[in-house]
Amino acid sequence: RAGSWLRLSELGGGKGGKTLTRVYACTGSRSFNGSGANIGDSNNVHQGDWPARGQGNERAQLLFPGASIRSDLTNATVRTARLWLYCYEAENAPTGFFVGIGEGAALTTTYDPAFHPYGTTEWTTVGQWGYVDIAYGNHTLLGYILAGSNVIGMPWTPGGTYATGYRGYGFSAALRPYMEI
């Protein structure tokens, strides 16, 4: 999936435009505890308060190849854009996913964001891929990427609810978070 062009269709007539989908794999991830300190886990990213983990209301960051995205989308019309994550554990079912605003050019060593949830979605069971639309709304995550950010923040969840684990960059290329635009 990552880094490949997938031709969905070729549009006839008009100016000869093509409809393409581009997939961008996550190039790094980092997990943080309830105080915002890096907990050194790039294999998995967690969101919410897992009492058994003892890390408080966790949050994470996902790094994407922003320069490539910006270059590829020059003069493009985006019809859909989704951030996909693989949910491997959840405190409750269905579980929620909260994604924050664009967070800058690189992963940080600490992460204590103001809570600005951009969007949410739900997975009904563990062991499934789920996505959040990143192209629409008042503050689009794709807009932050196009403006120069490379990092998507996963802020803590309201009241620590929806404690959920997703696969991060280091776990496996097959389960790595990705954007589909």
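Note that the coordinates shown come from a computational prediction; the quantities given were computed from them, not determined experimentally.

*Asks:* Could you give me a rundown of the side chain of R167, with the residues and numbers involved?
*Replies:* Following the sequence through the fold, R167 ends up in strand β11 (residues 164–167). The side chain of R167 is buried and forms no salt bridge, while E89, the nearest opposite charge, is found at 6.7 Å. Within the structure, the side chain of R167 is placed 2.7 Å from the side chain of N44, a separation counted as a polar contact. With near-sequence residues (within four places) excluded, R167 lies in contact with N43, N44, V45, Y86, Y88, L175 and P177.

*Asks:* How would you explain the pattern of salt bridges if you had to name every residue and give the values?
*Replies:* Applying the stated criterion across every chain yields a total of two salt bridges. The shortest N-O distance in the salt bridge between R53 and E58 comes to 2.8 Å.

*Asks:* An account of the pairing of strand β10 (residues 151–154) is requested, with residue identities and associated values reported.
*Replies:* Here β10 shows no split at all, with V151 and G153 on one side and I152 and M154 on the other all buried. Bridging between strand β5 (residues 57–63) and β10 involves four bridges; their strand directions are antiparallel. Paired with Q61 across the strands is G153, a residue of β10.

*Asks:* How would you summarise the environment of Y24 if you had to cite specific residues and measurements?
*Replies:* Following the sequence through the fold, Y24 ends up in strand β2 (residues 18–25). Distance from Y24 to G66, taken between C-alpha atoms, is 9.2 Å for residues 42 residues apart in sequence. Those residues in contact with Y24 that sit more than four places away from it in its chain are F64, P65, S68, I69, D72, P177, Y178, M179 and I181. Side chain to side chain, Y24 and D72 meet in a polar contact 2.7 Å long.

*Asks:* Which residues make up the nonpolar core, and what values do they have?
*Replies:* I69, L83 and M179 are the most contacted members of the largest nonpolar core, which has 25 residues in total. Counting only elements with at least two residues in this core, the list comes to β5, β6 (82–90), β7 (95–99), α2 (141–146) and β10. Ignoring sequence-local partners within four residues, the contact set of M179 consists of R22, V23, Y24, F64, I69, R82, L83, I134, I145 and I152.

*Asks:* So what's going on with the environment of Y86? Residues and values would help.
*Replies:* Mapped onto the secondary structure, Y86 falls in strand β6. With relative accessibility at 17%, the residue Y86 sits in the buried group. Along the primary structure Y86 and P177 are separated by 91 residues, whereas in three dimensions their C-alpha atoms are 6.9 Å apart. A distance of 3.4 Å separates a polar atom in the side chain of Y86 from the backbone oxygen of G127.

*Asks:* So what's going on with the confidence of the model for the protein chain? Which residues, and what values?
*Replies:* Summing up the model confidence of the protein chain, the mean pLDDT is 79 and the portion of residues at 70 or higher is 76%. Here strand β1 (residues 5–10) stands out as the element of the protein chain with the lowest mean pLDDT, 36, in contrast to strand β12 (residues 178–180), whose mean of 95 is the highest. Segment residues 1–15: pLDDT under 50, and 27 contacts once partners within four positions in sequence are set aside and those in other chains are kept.

*Asks:* Could you give an account of the packing of aromatic side chains, with specific residues and numbers?
*Replies:* Considering all chains together, one arrives at five aromatic pairs under this definition. Residues Y86 and W129 carry aromatic rings whose centres are separated by 5.6 Å and whose planes lie at 70° to one another, so their mutual orientation is edge-to-face. Placement of Y86 in strand β6 and of W129 in strand β9 (residues 128–133) is noted, with a sequence separation of 43 residues between them. The rings of W84, Y86, W129, Y131 and Y178 are connected pair by pair, giving a single aromatic cluster. Its end group placed over the ring of Y131, R82 keeps NZ or CZ at 4.0 Å from the ring centre.

The rules behind the values
- Residues numbered from 1 in each chain as written.
- Predicted model: local features only at pLDDT ≥ 70, side-chain atom pairs only at ≥ 80, totals over all residues.
- Heavy atoms only, no water.
- Helix = DSSP H or I, 4+ residues; strand = E, 2+ residues; numbered from the N terminus.
- Buried < 20%, exposed > 50% of the residue type's maximum accessible area, 1.4 Å probe, protein only.
- Lys, Arg positive; Asp, Glu negative; His and termini not counted.
- Salt bridge = Lys/Arg side-chain N within 4 Å of Asp/Glu carboxyl O.
- Polar contact = N/O pair within 3.5 Å; in protein donor to acceptor, adjacent residues only side chain to side chain.
- Contact = heavy atoms within 4.5 Å.
- Pairing = 2+ DSSP bridges.
- Core = buried A, V, L, I, M, F, W, Y, C linked by side-chain atoms within 4.5 Å.
- pLDDT = per-residue confidence, 0-100.
- Phe/Tyr/Trp six-rings, centres within 6.5 Å; stacked < 30°, edge-to-face > 60°.
- Lys NZ or Arg CZ within 6 Å of the ring centre and 35° of its normal.

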